[in-house]
Amino acid sequence: MLHKWEGIVLKARAYGESNKIVTIMTREAGKVACMARGAKKPTSRLAGVTQPFMHGSFLVQRTSGMGTLQQGEHFNSMRHIQTDITATAYASYIVEIIDRLVEEGRPEQYAFEILIQALNAIEEGYDPEAITLFVDWKMLPYAGVQPILHACAGCGAVDGEFAFSFTQGGFICHRCFHLDPYIIRLSPTQLKLIRMFYTVPIDQVGKLELKPQTKQFIKKIVTTIYEEQTGIRLKSRSFIEQLERTPLLQREKKEEN
Ligand SMILES: [Zn+2]
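Residues numbered from 1 in each chain as written. Predicted model: local features only at pLDDT ≥ 70, side-chain atom pairs only at ≥ 80, totals over all residues. Heavy atoms only, no water.

Student: Can you walk me through the coordination of the zinc ion in this structure?
Tutor: All of the protein donors around the zinc ion are C152 (SG), C155 (SG), C173 (SG) and C176 (SG); their distances to the metal are 2.3 to 2.4 Å. For the zinc ion, the four donor atoms in the first shell make angles of 103 to 121 degrees at the metal, so the coordination geometry reads as tetrahedral. Counting along the primary sequence, the residues that act as donors to the zinc ion give the motif C-x2-C-x17-C-x2-C. On the basis of relative accessible area, C173 is assigned to the buried category, the value being 0%. Take C176: its relative accessible area is 7%, and that puts it in the buried class. (Donors = N, O, S within 2.8 Å, 3.2 Å for Na, K, Ca; no water. Tetrahedral: all angles 85-135°; square planar, octahedral: opposite > 155°, others 65-115°. Buried < 20%, exposed > 50% of the residue type's maximum accessible area, 1.4 Å probe, protein only.)

Student: Help me out: how do you make sense of the environment of G144 in this one?
Tutor: Tracing the backbone shows G144 in the loop between α4 (128-139) and β6 (162-165). Through-space distance from the C-alpha of G144 to that of T230 is 7.8 Å; in sequence the pair is 86 residues apart. (Helix = DSSP H or I, 4+ residues; strand = E, 2+ residues; numbered from the N terminus.)

Student: It is not clear to me how the sheet that holds strand β2 (residues 19-26) should be interpreted in this structure. Could you clarify?
Tutor: Two strands in a sheet stick together by hydrogen bonds in their backbones, pointing the same way (parallel) or opposite ways (antiparallel). If you trace the five strands once around the closed barrel, you get β1-β2-β3-β5-β4, paired in mixed fashion. When the angles between neighbouring strand axes are averaged without regard to direction, this sheet yields 50 degrees. Across two bridges, strand β3 (residues 30-36) lies against strand β5 (residues 67-76) in parallel orientation. If you follow C34 over to β5, its bridge partner there is G67. The sheet strands contacting helix α2 (residues 85-101) are β1 (2-15), β2 and β3, and the helix crosses β1 at an angle near 105 degrees. (Pairing = 2+ DSSP bridges. Axes fitted to C-alpha atoms, helices over the stretch in contact; angles between N-to-C directions. Contact = heavy atoms within 4.5 Å.)

Student: Looking at this model, I keep getting lost on the environment of A118. Mind explaining?
Tutor: Of note, A118 is situated in helix α3 (residues 109-123). Judged by its relative accessible area of 0%, A118 falls in the buried class. Along the backbone, A118 and I131 are 13 residues apart, and their C-alpha atoms lie at a distance of 6.1 Å. Every residue in contact with A118, bar those within four places of it in the chain, is listed here: I94, I131, V135 and I202.

Student: Sorry, what's going on with the packing of helix α5 (residues 188-199) against helix α7 (residues 212-230) here?
Tutor: Any two packed helices are characterised by the angle at which their axes cross and by the distance between the axes. Put simply, α5 and α7 touch, their axes get as near as 11 Å, and they point 60 degrees apart. Between α5 and α7, the interaxial angle falls into the category oblique. Handedness of the crossing formed by α5 with α7: right-handed. Counting all contacts with α5, which are made through Q190, L193, I194 and F197, the residues of α7 involved are T214, F217, I218 and I221. Residue classes in the contact of α5 with α7 are distributed as six nonpolar, two polar and no charged. (Parallel < 35°, antiparallel > 145°, perpendicular 65-115°, else oblique. Left-handed = near helix turned anticlockwise from the far one by under 90°. Nonpolar A, V, L, I, M, F, W, Y, C, P; charged D, E, K, R; others polar.)

Shown next as structure tokens:
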């Protein structure tokens, strides 16, 4: 059967001398892997459209097992993401987290929307760090984590002072601080921001002007949830951390802006 799917290339790996196996997150069929014959050759008409981050329409022949990519046509080649090292780093992290958390074989509309909105936002020049945080929080349910953020995870109260508790799985109020000796106290602003990252649509998050230390703080919490509660550690996280520690790259980035 021949399928026409809208999708985004998550990754492509070499297969044999001239082929690639391409993993595409599609709107209609979820995550699919397919063989792109000859796509490793620069002259192949499949060479361009099988690059990571490519958003396009993909014609796939599949009966059972792995399909074969027949044709591809790109809507958006994500030029900024492909050429700006910071944008590439964050976008790599985003496609990796989607790839790790989404299983093949069934449509995943929610994850597809998060992916496409996030990459478009980075492509349009929104703060890639904030967009990545948004993806981290939004994808938690796919990792089997549903943090309790609307009320106290201990007693259900909605008023009072709050802290984040990893053992209680979300916010707890001052009346319940005794439940966890390792709580992370939150200011009302931090509380509101974390809630926002988890609940509001991406276009609102993208417009936020966040201080670097605020992003670092929120990132620390969500990264700890992934690492401690799901055991997921993403390769591209190390690249981002390296980038953040490299003053030369930071300087280059400023000069470009
Ligand atoms: Zn409580």
